[in-house]
Amino acid sequence: RSESMSLLLLLGGETSPSAVNKFVRFNGSTDYGTLPSFSLPGTSATVLCRLRTSATPTLPSGPFEITLETGPFYYEHASGNCWCGCLRTTWKENFTLDGTIDREDWHWVIIRTSVADGWEFLQATDAGVLSSRSTSAHEAFGTSLEYVRIARTQADQKYAGDIDRLLLIPSRLNNAAIQAIIAGGNGTSPKLRYEFTNNDGGVFSDESGNAINATITGTPTIVSA
């Protein structure tokens, strides 16, 4: 079911592009990561992911899934469309990429929600220009995570492309706070923060300090920029 899209350009202080030191490359076939279940406090959250996709994808696939109630996040990089049910109880679908974004170059996808300010799906250039793709009222979600996966969907579709950063922050960040992360910041008290600088011990280390490490399946490659 198609939902209307909000194409409001969110103007703010443009930042310099964040530098890539290392990132992880997923092959779209065997590579993914799986997180243990954990609790998310409160009713607010922001998810941010910096990524670029393969030039020749073959399947719809999600760079990450975070399921609190129903429906994960999908990024169908063959068409540049996105679908999202994460941090919501109602499925939202078919968000086309902002016209300034090249899916094969570094860019950001962002989801944020709170009771006071509602739910929003955004995309961002690597220079920090935010584009709102859909907005609606907040929907209550459970605080216990059913699962979190990196580069794999419920339908066992695998993501083909690169991920540089993935953060889950238990508050609804404003535009300036999002842009600060895009510029290289870590946000305030993230629940999860993956920088993908190594795959030692068969895990992606959680840099948030909460030790929620992602167990690796396959052989995703750590690439030095």
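Scroll up to find the structure.
Since the model is a prediction, treat every value here as computed from it, not as a measurement. (Residues numbered from 1 in each chain as written. Predicted model: local features only at pLDDT ≥ 70, side-chain atom pairs only at ≥ 80, totals over all residues. Heavy atoms only, no water.)

The next point concerns the overall build of the protein. For the protein, the helix and strand inventory stands at one helix and 17 strands. Here the protein holds 225 residues, and 55% of them are scored as buried. Counting contacts in the protein only where the partners sit at least 6 residues apart, residues at least 24 apart contribute 67% of the total. Total accessible area on the protein stands at roughly 8,800 Å², and carbon and sulfur atoms take up 48% of it. (Helix = DSSP H or I, 4+ residues; strand = E, 2+ residues; numbered from the N terminus. Buried < 20%, exposed > 50% of the residue type's maximum accessible area, 1.4 Å probe, protein only. Contact = heavy atoms within 4.5 Å. Areas by Shrake-Rupley, 256 points an atom, 1.4 Å probe, with all protein chains shown as cover.)

Counting residues in each nonpolar core, the largest one holds 34 residues, and the members touching the most others are Leu35, Ile150, Ile163 and Tyr194. A total of four residues in this core trace back to one element, the largest contributor, which is strand E4 (residues 45–53). For isoleucine 150, the contacting residues outside a window of four places in its chain are Phe26, Tyr32, Gly33, Leu35, Pro63, Phe64, Ile163, Leu166, Tyr194, Phe196 and Ala214. Core analysis: the second largest hydrophobic core is formed by 12 residues, Ile110, Ala124, Leu167 and Ile181 among them. (Core = buried A, V, L, I, M, F, W, Y, C linked by side-chain atoms within 4.5 Å.)

Bringing the side chain of threonine 46 into the picture now. One can find threonine 46 in strand E4. At 2.9 Å, the side chain of threonine 46 forms a polar contact with the backbone nitrogen of leucine 173. Every residue in contact with threonine 46, bar those within four places of it in the chain, is listed here: Ile110, Ile111, Arg112, Leu167, Leu168, Ile169, Ser171, Arg172 and Leu173. (Polar contact = N/O pair within 3.5 Å; in protein donor to acceptor, adjacent residues only side chain to side chain.)

Everything listed here is a matter of coordinates, which is why it stays silent on function.
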